[in-house]
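# Structural features, examined
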Amino acid sequence: MSDIKLFHFNGAQVTELAGAAVQVEKSLQKLFEANLEALLGIRFLASEHSTGAVHGGRIDTLGLDEDNSPVIIEYKRSVNENVINQGLFYLDWLLDHRKEFQWLVMERLGPEAGKAVDWTSPRLLCIAGDFTRYDEHAVKQIARNIELIRYRRFGEDLLMIELVHAPKAARVGATKTSAESRPVNSADQPAEVGQDNDPYLSQRMSYRLSQSSPDLRDIYDAVYQFLIGLGDDVQVKELKLYTAFKRLKNFVCMEIYPQARTVTLFLKLNPGEQDLEDGFTRDVRNVGHFGTGDLQVTLKSMADFEKAQPLLRQAYEGG
């Protein structure tokens with residue numbers, strides 16, 4: 001069971017609030033689906049989505065996260081329920097029915113969202129009042145993007161959620177992200193004139209890293225290692241157009257621009273609460289950009305990286 005305890009202070013009196021799992025079967029699912037974006041940064045798409053007569057199953061919740069990655073959520077309502085295997089079955093179904101999922105996104109969120117779906121890292125989230133040690137051991141042996149999230153209700157108006165497990169590869173990340181350790185295939189090269197089927201080809205991270213100078217890649221790697229060192233709960237998502245660092249939700253998104261010789265960060269911080277510095281920090285709440293975050297930080301040197309570290313810690317703590 002979870003060892004997290006919650007106490008209420010009322011003057012000199014301290015009272016422990018008893019935590020509990022939701023007992024009614026549908027209550028847990030309804031609670032999360034009604035507040036999915038606020039709790040997990042995921043846009044709701046469908047509930048009890050049928051996988052068809054052949055597969056004969058129903059996915060508890062389908063969503064699209066802030067990085068446009070498909071998300072399957074399964075709720076474990078009893079200790080003996082094998083929700084992980086069930087979720088893996090649905091994850092395989094999803095990868096075989098990409099067009100169906102994209103049509104669902106277009107219907108719910110619009111055509112642009114449908115086009116933006118990123119299949120680099122689809123996610124399976126298993127949510128439960130608690131997990132057994134066998135659950136945690138099992139997901140560590142599976143090379144899939146599975147996250148275990150524990151919840152507890154305290155009274156009528158308090159909900160605690162805790163990330164119990166995130167994929168090891170995503171949590172640790174590569175030890176080096178330079179071009180020497182990242183082979184670039186032809187699909188990552190910029191398209192020839194008249195052959196541009198993908199407007200973002202030349203903007204892909206792998207290509208931009210391969211074109212960056214050693215000094216610029218050193219800044220990128222320094223930020224990467226600093227962020228994953230902030231805590232065991234930090235996950236890394238290497239996407240086509242940026243690298244996202246997250247806990248339950250993104251707190252920093254990072255890009256690299258070889259021609260401008262900059263590493264650009266987008267932090268989940270309120271720019272109105274920061275002292276903005278021209279050329280270093282910028283309010284991008286009304287400026288279109290890839291990734292998430294309203295505060296842009298531009299790094300051109302290791303000195304800029306050192307200056308940015310308090311902001312990175314602040315974004316992590318708020319994430």
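This is a predicted model, so every value here is computed, not measured. (Residues numbered from 1 in each chain as written. Predicted model: local features only at pLDDT ≥ 70, side-chain atom pairs only at ≥ 80, totals over all residues. Heavy atoms only, no water.)

Here the focus is the packing of aromatic side chains. Think of a pair of aromatic rings as described by two things: how far the centres are apart, and how the planes are tilted against each other in angle. Within this structure, the stated rule accounts for eight aromatic pairs. With a centroid separation of 5.6 Å and 70 degrees between ring planes, the pair formed by Phe 101 and Trp 119 is classed as edge-to-face. Residue Phe 101 is found in helix α5 (residues 98-109), and its partner Trp 119 is found in the loop between α6 (111-115) and β7 (123-128); the two are separated by 18 residues along the sequence. Connected via pairs of aromatic rings, a cluster forms that spans Phe 32, Tyr 75 and Tyr 151. It is Arg 247 that lies over the ring of Tyr 316; its NZ or CZ is 4.1 Å from the centre. (Phe/Tyr/Trp six-rings, centres within 6.5 Å; stacked < 30°, edge-to-face > 60°. Helix = DSSP H or I, 4+ residues; strand = E, 2+ residues; numbered from the N terminus. Lys NZ or Arg CZ within 6 Å of the ring centre and 35° of its normal.)

Bringing the environment of Val 234 into the picture now. With respect to the element layout, Val 234 can be found in the loop between α10 (214-228) and β10 (235-238). Taking the C-alpha atoms as reference points, Val 234 and Ala 166, separated by 68 residues in sequence, lie 8.6 Å from one another.

Within the structure shown, the criterion is met by 13 salt bridges. The salt bridge involving Asp 65 is made with Arg 123; its shortest N-O contact spans 2.9 Å. Note that Asp 65 is positioned in strand β5 (residues 58-65) and Arg 123 in strand β7, a separation of 58 residues in sequence. Across the pair Lys 76 and Asp 135 runs a salt bridge whose closest N-O atoms are separated by 2.4 Å. Here Lys 76 is found in strand β6 (residues 70-76), whereas its partner Asp 135 is found in helix α7 (residues 133-140), with 59 residues between them in sequence. Through salt bridges with shared partners, one network takes in Asp 65, Asp 67, Arg 123, Glu 147 and Lys 237. (Salt bridge = Lys/Arg side-chain N within 4 Å of Asp/Glu carboxyl O.)

The interhelical angle for the contact between helix α4 (residues 83-96) and α5, taken along N-to-C directions, is 85 degrees, at an axis separation of 5 Å. Looking at the two axes, α4 sits roughly perpendicular to α5. Residues Trp 93, Leu 94, Leu 95 and Asp 96 of α4 pack against Arg 98, Glu 100 and Phe 101 of α5. Per-class residue counts for the contact of α4 with α5 are four nonpolar, no polar and three charged. (Axes fitted to C-alpha atoms, helices over the stretch in contact; angles between N-to-C directions. Parallel < 35°, antiparallel > 145°, perpendicular 65-115°, else oblique. Contact = heavy atoms within 4.5 Å. Nonpolar A, V, L, I, M, F, W, Y, C, P; charged D, E, K, R; others polar.)

In short, shape yes, function no, at least from these values alone.
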